Amino acid sequence: MAEFRGHPFYSCNNCRNPIANRDDLLSKTFWAKSGQAYFFSHAMNIMVGEKEERQLISGHFSIAGVYCRKCGEELGWKYLRAYDAKQLFKEGKFILEKAKILKEF
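A brief report on the enclosed structure follows. (Residues numbered from 1 in each chain as written. Predicted model: local features only at pLDDT ≥ 70, side-chain atom pairs only at ≥ 80, totals over all residues. Heavy atoms only, no water.)

1. Some remarks on the sheet that holds strand β9 (residues 101-104)
In spatial order, the strands read β2-β1-β9; together these three strands make up an open sheet with antiparallel pairing. With partners counted over all chains shown, the strands left at the sheet margins are β2 (18-21) and β9, one partner each. When the angles between neighbouring strand axes are averaged without regard to direction, this sheet yields 30 degrees. As paired elements, strand β1 (residues 9-12) and β9 share four bridges and run antiparallel to each other. Within β9, the position partnered with Tyr-10 by the bridge is Lys-103. (Pairing = 2+ DSSP bridges. Helix = DSSP H or I, 4+ residues; strand = E, 2+ residues; numbered from the N terminus. Axes fitted to C-alpha atoms, helices over the stretch in contact; angles between N-to-C directions.)

2. Things to note about the pattern of salt bridges
Within the structure shown, the criterion is met by four salt bridges. Across the pair Arg-16 and Glu-104 runs a salt bridge, and its minimum N-O distance is 2.7 Å. Here Glu-104 lies in strand β9 and Arg-16 lies in the loop between β1 and β2, a separation of 88 residues in the sequence. Its salt-bridge partner being Lys-33, residue Glu-74 comes within 3.3 Å of it at the nearest N-O pair. With Glu-74 in strand β7 (residues 74-82) and Lys-33 in the loop between β3 (25-32) and β4 (35-40), this pair connects stretches of sequence that are 41 residues apart. Note on Glu-74: relative accessible area 29%, which makes it partly exposed. On the basis of relative accessible area, Lys-33 is assigned to the exposed category, the value being 63%. (Salt bridge = Lys/Arg side-chain N within 4 Å of Asp/Glu carboxyl O. Buried < 20%, exposed > 50% of the residue type's maximum accessible area, 1.4 Å probe, protein only.)

Below is the structure:
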């Protein structure tokens, strides 16, 4: 398990497994299946699923589902490839659904 030394972090809402550092949060203005989602530069203690092609609100992407390594809960997805040059900044980054994660201190 990661050491946070008093820094806020996000954990799986189901099992409290640490998933992302607050310092890696890039934006809170994204949307996913369950509603609001957060955009992170890094995530930890996760499993990445199979690659799939998906048409999203902002364009066409190759993505892979992201799951909690401890309990298997689906948390969001990882952008693997963006097909629009304006969306390249998303490649390698993560969308985590707000309803699936919990902010901890």
